[in-house]
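Structural overview for review
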Amino acid sequence: MKRRNFIATAAVGSAGLASTSALASNSPGPTKEFKLKGNINHSVCEWCFNDIPLVDFLKTLNELGVKAIDLVGPDRWPILKKYDIHCSMCNGAEIGLDKGWNNPKYHEQLIKNYTEMIPKVAEAGYTNLICFSGNRDGMNDYVGLQNCVDGLSQIMPLAEEHGVVIQMELFNQVNHPDYMCDNSLWGVELCKHLGSDNFKLLFDIYHMQIQEGDIIRSIQNYHPYFGHYHTAGVPGRHEIDETQELYYPAIIKAIHDTGFKGYVAQEFIVTWDDKIAALKDGFMRCDI
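Now for a quick tour of the structure. (Residues numbered from 1 in each chain as written. Predicted model: local features only at pLDDT ≥ 70, side-chain atom pairs only at ≥ 80, totals over all residues. Heavy atoms only, no water.)

Turning next to the packing of aromatic side chains. Any pair of aromatic rings gets described here by the distance separating the centres and the angle formed by the planes. This structure, assessed with the given rule, holds 11 aromatic pairs. On the basis of an interplanar angle of 80° and a centroid distance of 6.3 Å, the ring pair of Phe49 and Phe268 is categorised as edge-to-face. With Phe49 in the loop between β1 (41-44) and α2 (54-64) and Phe268 in the loop between β8 (263-266) and α11 (275-285), this residue pair connects regions lying 219 residues apart in the sequence. The class for Phe49 is buried, based on a relative accessible area of 1%. Ring plane angle 90° and centroid distance 6.1 Å describe the contact between Phe226 and Tyr229, whose orientation is recorded as edge-to-face. The rings of Phe203, Phe226, Tyr229 and Phe260 are connected pair by pair, giving a single aromatic cluster. (Phe/Tyr/Trp six-rings, centres within 6.5 Å; stacked < 30°, edge-to-face > 60°. Helix = DSSP H or I, 4+ residues; strand = E, 2+ residues; numbered from the N terminus. Buried < 20%, exposed > 50% of the residue type's maximum accessible area, 1.4 Å probe, protein only.)

Another point: the nonpolar core. Among the nonpolar cores identified, the biggest contains 90 residues, and Ile166 and Met168 are the most heavily contacted of them. The element that contributes the greatest number of residues to this core is helix α4 (residues 107-123), accounting for 6 residues. (Core = buried A, V, L, I, M, F, W, Y, C linked by side-chain atoms within 4.5 Å.)

Looking now at the packing of helix α5 (residues 141-152) against helix α7 (residues 184-194). Where α5 meets α7, the axes come as close as 10 Å, and the angle between the chain directions of the two elements is 40°. It follows from the interaxial angle that α5 and α7 lie oblique. In the crossing of α5 with α7, the sense of the turn from one axis to the other is right-handed. Contact residues: Asp141, Gly144, Leu145, Cys148, Val149 and Leu152 in α5; Trp186, Glu189, Leu190, His193 and Leu194 in α7. Looking at side-chain class alone, the contact of α5 with α7 contains 7 nonpolar, 2 polar and 2 charged residues. (Axes fitted to C-alpha atoms, helices over the stretch in contact; angles between N-to-C directions. Parallel < 35°, antiparallel > 145°, perpendicular 65-115°, else oblique. Left-handed = near helix turned anticlockwise from the far one by under 90°. Contact = heavy atoms within 4.5 Å. Nonpolar A, V, L, I, M, F, W, Y, C, P; charged D, E, K, R; others polar.)

Looking now at the pattern of salt bridges. Throughout the structure, instances matching the rule amount to 12 salt bridges. For the salt bridge of Arg76 with Glu46, the shortest nitrogen-to-oxygen distance reads 3.3 Å. Of this pair, Arg76 sits in the loop between β2 (68-72) and α3 (77-82) while Glu46 sits in the loop between β1 and α2, placing them 30 residues apart in sequence. When salt bridges with common partners are traced through the structure, they connect Arg136, Asp141 and Asp182 into a single cluster. (Salt bridge = Lys/Arg side-chain N within 4 Å of Asp/Glu carboxyl O.)

Following this line, the structure appears as structure tokens:
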């Protein structure tokens, strides 16, 4: 085939592939029987589906056999209990992503918030409570780490007493510029300094793929410090299907191989017309 003809043919083929890819990103693809194997504790972040009334969403989770939901505060825990859905990551004590434990000026308020929230989490029968490092705002990372230790040390005895695990989430610098807890090593060092089994890292796979990559190696090397996982596709934070670069079955297998017994929560922004079909697809890809 002459080069000119080959290029023309290839261009037509590429256009067809691009069209097919665009359609695939907005459709559920082949229907599969939805049946979870029970090896992974599945959850989902409520905010990604907050256009669905919470009661309706909880009913759907019951139908799917998914027993947990992430990032719900105490005002709505009674609704979760009514539908027998566990809150696998509680929130409501934090000030904000950018105003966290690395800055002493927020310690007084944070200590008050977490001191009040920790007993509530335990009384409700939950375990995990999220926290954030805050932004650097020109602060040295070593200073920020010590500030986090100084502040968090004041609530850790209470967390230990109540069996509550404080979990600091890792974020990337693309979506959250200046956030301090932006890599595994910094977070692990914080865990080591605190020296408590009741402090862990929320390892967000999406964020850490963007920030540092080498996801499976991080899980293998640092899993004792990871208490919770979030999923999403890269790029775009969308479905974890063939439109993105991460292969979640291998990642989930790596998590499972560490003996992890916590929760893996879906946290992607849906592009499919059928949001529940997208969620089911995500669960199935993470079910090994």
